[in-house]
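Spelled out, the chains give:
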Amino acid sequence: MLLYTCRTAPSPRRVRMFISEKGIDVPMQEVDLRSGEHFSADYRRRNPHATVPVLDLDDGTCISESDAICTYFEALYPDPPLMGSDPKSRARVRMWDRRVEFDGYQAVAEGFRNRAPAFRDRAVPGRHKVPQIEALAERGAQRYRDFLEDLDGRLGQSEYVALDTFSVTDITAFVTIEFARRALKIGPEPDQENIARWHAALSRRPTVEA
Ligand SMILES: N[C@@H](CCC(=O)N[C@@H](CS)C(=O)NCC(=O)O)C(=O)O
């Protein structure tokens, strides 16, 4: 098994943090996104969509999408449970994770990729050409600010994002916040104290180094 990853990209970081929380050892190979290695024929045999991460299994099966890779590891290594442990908690983790990914992570990507010169004609990851739209950069930043407001409200009611225990959704939200700081230069507001409390707790976990 080999995980194709990239140190500077947020989606593979979700998987690396998940693996680290599980305490499992997975061989990894760095993909150079800057030089376009992910568009090479060799890489696209593993993932025709040309994104990282990809998990290449020993039988040749390749799994892309960070959520799908995490779901695979959760099934193989159920302890500690990071995606809920009964039907209700599993559904709640799923619900919050989709919300964080769509309202938070996608908003940051929209804000970043529609403006950064490096993503000209690549406003959406993948092999197809997608032109940048400046208005979407503005909208992405606004959507991300709205997300932070909602997240702060949620963390006022719950110790962690999805459940009262740590789950994959905390990883998704943490990676989103770090991505936004770097890509949009936007962080949580100083008065978003619930996010500050939760972020400080997350930052103490060794997994943030992954
Ligand atoms: N939904 C996918 C997103 C994958 C994705 O967008 N990966 C980015 C890095 S974070 C990528 O491969 N970008 C390549 C590019 O921009 O050309 C996932 O969760 O794995």
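Residues numbered from 1 in each chain as written. Predicted model: local features only at pLDDT ≥ 70, side-chain atom pairs only at ≥ 80, totals over all residues. Heavy atoms only, no water.

Considering the arrangement of structural elements, one finds leucine 148 in helix H5 (residues 134-155). Placed 19 residues apart in sequence, leucine 148 and serine 167 show a C-alpha to C-alpha distance of 19 Å. Not counting residues within four places of it along the chain, the set of residues in contact with leucine 148 comprises Ile177, Gly187, Pro188, Gln192 and Ile195. (Helix = DSSP H or I, 4+ residues; strand = E, 2+ residues; numbered from the N terminus. Contact = heavy atoms within 4.5 Å.)

On to the layout of surface pockets, then. In this model, the largest pocket occupies a volume close to 1,300 Å³. If you trace the largest pocket, you find 48 residues lining it, with Pro10, Ser11, Tyr105, Arg113 and Pro125 closest to the centre. Looking at the lining of the largest pocket, the elements with two or more residues in it are helix H1 (10-22), helix H3 (66-76), helix H4 (87-113) and helix H6 (168-183). With eleven residues, the single largest contributor to the lining of the largest pocket is H4. Both domain 1 (2-76) and domain 2 (87-209) contribute no fewer than three residues apiece to the lining of the largest pocket. Size it by volume and the second largest pocket reaches roughly 190 Å³. As for the second largest pocket, its lining consists of 13 residues, and the residues nearest its centre are Thr71, Glu74, Met83, Gly84 and Arg90. (1 Å grid on protein atoms, 1.4 Å probe; cavity = no way out; pocket = protein on both sides within 12 Å on 5 of 7 lines; lining within 4 Å. Points joined across faces, edges and corners; volume = space filled by probe spheres on them. Domains from an automatic or database assignment.)

Summarising the element assignment, aspartate 103 is placed in helix H4. Between the C-alpha atoms of aspartate 103 and tyrosine 144, which are 41 residues apart in sequence, the distance is 7.0 Å.

Within the structure shown, the criterion is met by seven aromatic pairs. Judged by centre distance (5.9 Å) and plane angle (80°), the rings of tyrosine 4 and tyrosine 43 are edge-to-face. With a gap of 39 residues between them, tyrosine 4 in strand E1 (residues 2-5) and tyrosine 43 in helix H2 (residues 41-46) connect regions that are remote in the sequence. The same class applies to tyrosine 4 as to tyrosine 43, namely buried. The rings of Tyr105, Phe112, Phe119 and Phe179 are connected pair by pair, giving a single aromatic cluster. Between the NZ or CZ atom of arginine 205 and the centre of the ring of phenylalanine 166, over which it lies, the distance is 3.7 Å. (Phe/Tyr/Trp six-rings, centres within 6.5 Å; stacked < 30°, edge-to-face > 60°. Buried < 20%, exposed > 50% of the residue type's maximum accessible area, 1.4 Å probe, protein only. Lys NZ or Arg CZ within 6 Å of the ring centre and 35° of its normal.)

With that settled, the discussion passes to a negative patch on the surface. On the surface, a cluster of negative charge is contributed by Asp103, Asp146, Glu149 and Asp150. Take the negative patch: its biggest share by element is three residues, from H5. Mapped onto the elements, glutamate 149 comes out in helix H5. (Patch = residues over 30% accessible without salt bridge, like charges linked within 9 Å, V, L, I, M, F, W, Y side chains within 5 Å. Areas by Shrake-Rupley, 256 points an atom, 1.4 Å probe, with all protein chains shown as cover. Salt bridge = Lys/Arg side-chain N within 4 Å of Asp/Glu carboxyl O. Lys, Arg positive; Asp, Glu negative; His and termini not counted. Charge placed at Lys NZ, Arg CZ, Asp CG, Glu CD.)

According to the domain assignment, the protein contains domain 1 (2-76) and domain 2 (87-209). The distance between the C-alpha centroids of domain 1 and domain 2 comes to 20 Å. Carbon and sulfur atoms supply 52% of the area buried between domain 1 and domain 2, which totals about 1,800 Å² over both sides. When residues of domain 1 are sorted by the area they lose upon contact with domain 2, Arg14, Met17 and Glu21 head the list and together hold 37% of the total. At the junction of domain 1 and domain 2, the tally comes to four salt bridges. A salt bridge links glutamate 101 to arginine 14; the shortest N-O distance between them is 3.2 Å. Our count for the contact surface shared by domain 1 and domain 2 stands at ten residue pairs in polar contact (both at pLDDT 80 or more). If you list the elements that add at least two residues to the side of domain 1 that touches domain 2, you get H1 and H3. (Buried area = accessible area lost by both parts, 1.4 Å probe. Polar contact = N/O pair within 3.5 Å; in protein donor to acceptor, adjacent residues only side chain to side chain.)

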